[in-house]
Amino acid sequence: MTLRIRFAFLLLMLCQLISAQSDSIKLKEVVVSDANLKKYSNSQSVLKLSDSIINKNEALLTDLLNFNSTIYFKEYGRGMLSTVSFRGTTSSQTAVIWNGININSQMNGSTDFNTISGSDYNSISVKAGGGSVIYGSGAIGGTVHLNNDLAFYNRFENNLKLDYGSFNTIGINYKTNISNEKWSAQIGFSKNSSTNDYKYLNRYTWRGEQRWNQNGQYDIITMSANAGYKIDSKNTLKLYSQFSNTDRNTSLVVETDTKSKYVNGFNRSLLEYDGDFGKFKTNFKTAYIFENYQYFADNSSNIYTYGKTESLITKVDLGYTLFKSTQINGILDYNRTKGYGSSFGDHVREISSAGILIKQDFSEAWKNELGIRKEFTDNYKSPVLFSLGSSYQFSKLYNFKLNVSRNFRIPTYNDLYWEEGGNPDLKPESSYQAEIGNVFTFKNISLTQNFYYIKIKDLLQWVPGKNGIWSPTNKDNVNSYGAETLLSWKKQFGKNNFSANASYAYTASKDEATKKQLFFVPYNKVTGSVAYSRNRISAYYQFLYNGFVYTRADNNPDEIINDYNISNLGIDYDFKFLDSFKLGFQVLNIFNKDYESLENRPMPGRNFNMYLTLKF
């Protein structure tokens, strides 16, 4: 059954399920998809991005998080592969969580943020620091949470956003929410595409001809359907599903390179049950995740390499309120992954784990958290993971947070089984970390200051071996430490509304043996934004600064990516047709800066985007 047929069938089913709505309304109840994010994060920093922030940025998740968080992104050109470094860690040490399920690739251990549209989700949150006790492998630097929360009250809402910009960039995003007190459904579709043929600023061939981004086309399509049913006041059933396909060429480094392309996609389905029986609460999740890729080394040929994984995940979370102030959750999960591909053969991996979470609120001001987790598998030896945190609200002005934890990342299919070079004897990367958070709140101002230290053991690196064959090994230990500052401000003067947000991250991530900074980790990153609105008009300005990064392990000063700063400007007007009818215009990289985050991968200069947002 094709992707479109499956989506149409699910759409028809959802429409039938909610066709008979009740007109009565009591409370606007919203059921969150990742309850543990809020429940066990009092001792860590969580940044939640509002709808207004999501709508002010380009569609792909890279742009949203790059301008609004302390995460550093490395892009292989606009719209191409995008990897992250969170608190000085590698791209595989940031976990992406979809409705409470870790969706990092089983093949390479990371997530490509340029294959995800931020508008496909109700809420997006960034949690800094370790999270392996709850979310498993990869949650070392931090976690990015993509949530589809379901509401149970009478509503029928539609949101349509159309974008058109430079380089024939087209964006379509449609979402509908239909619900009553028993049923809730969300249906969404997004498409982002571009010919992506921008000129390279100040770059010419040896003949003096203007260079431009060749073979950079991309097309990303995502469809989703989510539904919830309240069986009664104690029992709720939820279904989440999402399908995506990315067809993307790979930009040429030089004009003589062979044109290639990369096609990848995923299919995710999650069935969840919630039971609330007073002191005793249950949550059961079972998920099926399919991911695949095809790499065409030559666009003109039908010959390709491929890889596929199929994962079945089952998770049981049993909670009990022991005393009024103490809650205990016991968690058991099982993950079976079958991977097969032209480069790593055919393998099955089974992982079981058991964990316990304890939350104790001594008072409204003092909250404590404790978590322990252990995994069991034949593929590697897993360490015992733990997390211990405390939060104390000294006054309305000041909140103190402390967290220590041990986290890890398991070897991936590529690491273990790649032909040739895979190493089945690898150990998981593990880390110990500690962080202190200080949160100051005064009237309309919020200031958060975090300090952290991470010690990473057995870092996986691919190194050349016998006969020139590269192979992964647990080679290095890394010490990462730094500070993060987050600032937000809102103020209203009559009909005039002002807001400002800013962040600064200082990151030192050093190889323990050489004392050298890890390559592609900037010491400094700064973001800032200012927004103004009055009646029907609103405007905003964004700023991003990334410090220089080394591109070699020996920190050769001649092999660096220079620091850069980028600014965006936007304005929109609401014609107040139906619920909302906004027409907006954006100028991106307004000062026409020549920059790149990876050598020989220039990013576009000044470019433009127009958008139309309709709510009804």
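Residues numbered from 1 in each chain as written. Predicted model: local features only at pLDDT ≥ 70, side-chain atom pairs only at ≥ 80, totals over all residues. Heavy atoms only, no water.

## Examining the overall build of the protein chain
Alright, step 1. Looking only at helices and strands, the protein chain features six helices and 35 strands.
Alright, step 2. Computed over its C-alpha atoms, the radius of gyration of the protein chain comes to 24 Å, within 12% of the 25 Å expected for a compact globule of 616 residues.
Alright, step 3. With respect to the three principal axes, the spread of C-alpha positions in the protein chain is 70 × 60 × 55 Å.
Alright, step 4. Each of the 616 residues in the protein chain was classed as buried or not, and the buried ones make up 53%.
Alright, step 5. A separation of at least 24 residues holds for 62% of the contacts in the protein chain among residues at least 6 apart in sequence.
Alright, step 6. Of the side-chain charges in the protein chain, 68 are positive and 56 negative, and the distance between the mean point of each set is 6 Å. (Helix = DSSP H or I, 4+ residues; strand = E, 2+ residues; numbered from the N terminus. Rg over C-alpha atoms; globule rule 2.2 N^0.38 Å. Buried < 20%, exposed > 50% of the residue type's maximum accessible area, 1.4 Å probe, protein only. Contact = heavy atoms within 4.5 Å. Lys, Arg positive; Asp, Glu negative; His and termini not counted. Charge placed at Lys NZ, Arg CZ, Asp CG, Glu CD.)

## Points about the sheet that holds strand β8 (residues 142-147)
Alright, step 1. Here we have five strands laid out as an open sheet, ordered β2-β7-β8-β5-β6, and mixed in their pairing. With partners counted over all chains shown, the strands left at the sheet margins are β2 (46-49) and β6 (101-102), one partner each.
Alright, step 2. Sheet analysis places strand β5 (residues 94-98) next to β8, joined by five bridges and oriented parallel. From the neighbouring strand, Trp-98 faces β8, where its bridge partner is Leu-146.
Alright, step 3. Helix-sheet contacts for helix α4 (residues 61-68) involve β2, β7 (123-128) and β8, and the interaxial angle to β2 is about 125 degrees. (Pairing = 2+ DSSP bridges. Axes fitted to C-alpha atoms, helices over the stretch in contact; angles between N-to-C directions.)

## Digging into the packing of aromatic side chains
Where two aromatic rings form a pair, the distance of their centres and the angle of their planes describe that pair.
Alright, step 1. Scanning the entire structure with this criterion turns up 25 aromatic pairs.
Alright, step 2. Measuring from centroid to centroid gives 5.5 Å for Phe-73 and Phe-113, while their planes differ by 80 degrees, and the two rings are edge-to-face. Here Phe-73, found in strand β3 (residues 72-75), pairs with Phe-113, found in the loop between β6 and β7; they are 40 residues apart in sequence, far enough to count as distant. Neither Phe-73 nor Phe-113 differs from the other in exposure class; each is buried.
Alright, step 3. An aromatic cluster of at least three residues, connected via ring pairs, comprises Phe-362, Trp-366, Tyr-392, Phe-394, Tyr-398 and Phe-440.
Alright, step 4. Here the basic side chain of Lys-74 rests over the ring of Phe-520, its NZ or CZ set 4.4 Å away from the ring centre.
Alright, step 5. The cationic tip of Arg-268 hangs over the ring face of Phe-266; the distance from NZ or CZ to the ring centre is 3.5 Å. (Phe/Tyr/Trp six-rings, centres within 6.5 Å; stacked < 30°, edge-to-face > 60°. Lys NZ or Arg CZ within 6 Å of the ring centre and 35° of its normal.)

## Focus: the nonpolar core
Alright, step 1. Within the largest apolar cluster, 29 residues are counted, with the highest numbers of intra-cluster contacts made by Leu-61, Leu-65, Ile-71, Phe-113, Ile-124 and Leu-146.
Alright, step 2. Of all the secondary structure elements, the ones that give two or more residues to this core are α4, β5, β7, β8, β9 (150-152) and β18 (280-296).
Alright, step 3. If sequence neighbours within four positions are ignored, Leu-65 has contacts with Leu-49, Phe-73, Phe-113, Val-126, Val-144 and Lys-525. (Core = buried A, V, L, I, M, F, W, Y, C linked by side-chain atoms within 4.5 Å.)

## Points about the environment of Ile-53
Alright, step 1. Note that Ile-53 resides in helix α3 (residues 51-55).
Alright, step 2. The sequence separation of Ile-53 and Asn-477 amounts to 424 residues, and the corresponding C-alpha distance is 37 Å.
Alright, step 3. Each residue touching Ile-53, except ones within four places of it in the same chain, is listed here: Leu-64 and Asn-68.

## A few points about the environment of Asn-147
Alright, step 1. Inspection of the secondary structure assignment puts Asn-147 in strand β8.
Alright, step 2. As a C-alpha pair, Asn-147 and Ser-125 span 22 residues in sequence and 8.4 Å in three-dimensional space.
Alright, step 3. Residues within four places of Asn-147 in sequence aside, it is in contact with Ser-33, Asp-34, Leu-37, Asn-99, Tyr-121, Asn-122 and Ser-123.
Alright, step 4. Here the side chain of Asn-147 touches Ser-33 through a polar contact of 3.3 Å, side chain to side chain. (Polar contact = N/O pair within 3.5 Å; in protein donor to acceptor, adjacent residues only side chain to side chain.)

## A short note on the pairing of β7
Alright, step 1. Most of β7 is tucked away: six of the six residues are buried.
Alright, step 2. Neither face of β7 is exposed, since Ser-123, Ser-125 and Lys-127 on one face and Ile-124, Val-126 and Ala-128 on the opposite face are all buried.
Alright, step 3. Two strands pair when backbone bridges link them, and β2 and β7 are joined in this way by four bridges, in the antiparallel orientation. Bridging across to β7, Lys-48 finds its partner in Ser-125.

## Brief notes about the side chain of Asp-511
Alright, step 1. Along the polypeptide, Asp-511 turns up in strand β28 (residues 496-511).
Alright, step 2. For Asp-511, the side chain forms a polar contact with the main-chain nitrogen of Ala-513, separated by 2.8 Å.
Alright, step 3. In this structure the side chain of Asp-511 is engaged in a polar contact, spanning 3.1 Å, whose partner is the backbone nitrogen of Thr-514.
Alright, step 4. Contacts of Asp-511, omitting those with residues within four sequence positions, involve Asp-476, Asn-477, Lys-516 and Leu-518.

## Description of α4
Alright, step 1. By the criterion of burial, α4 is predominantly enclosed, with eight of the eight residues buried.
Alright, step 2. Three or more residues of α4 are buried, namely Leu-61, Thr-62, Asp-63, Leu-64, Leu-65, Asn-66, Phe-67 and Asn-68.

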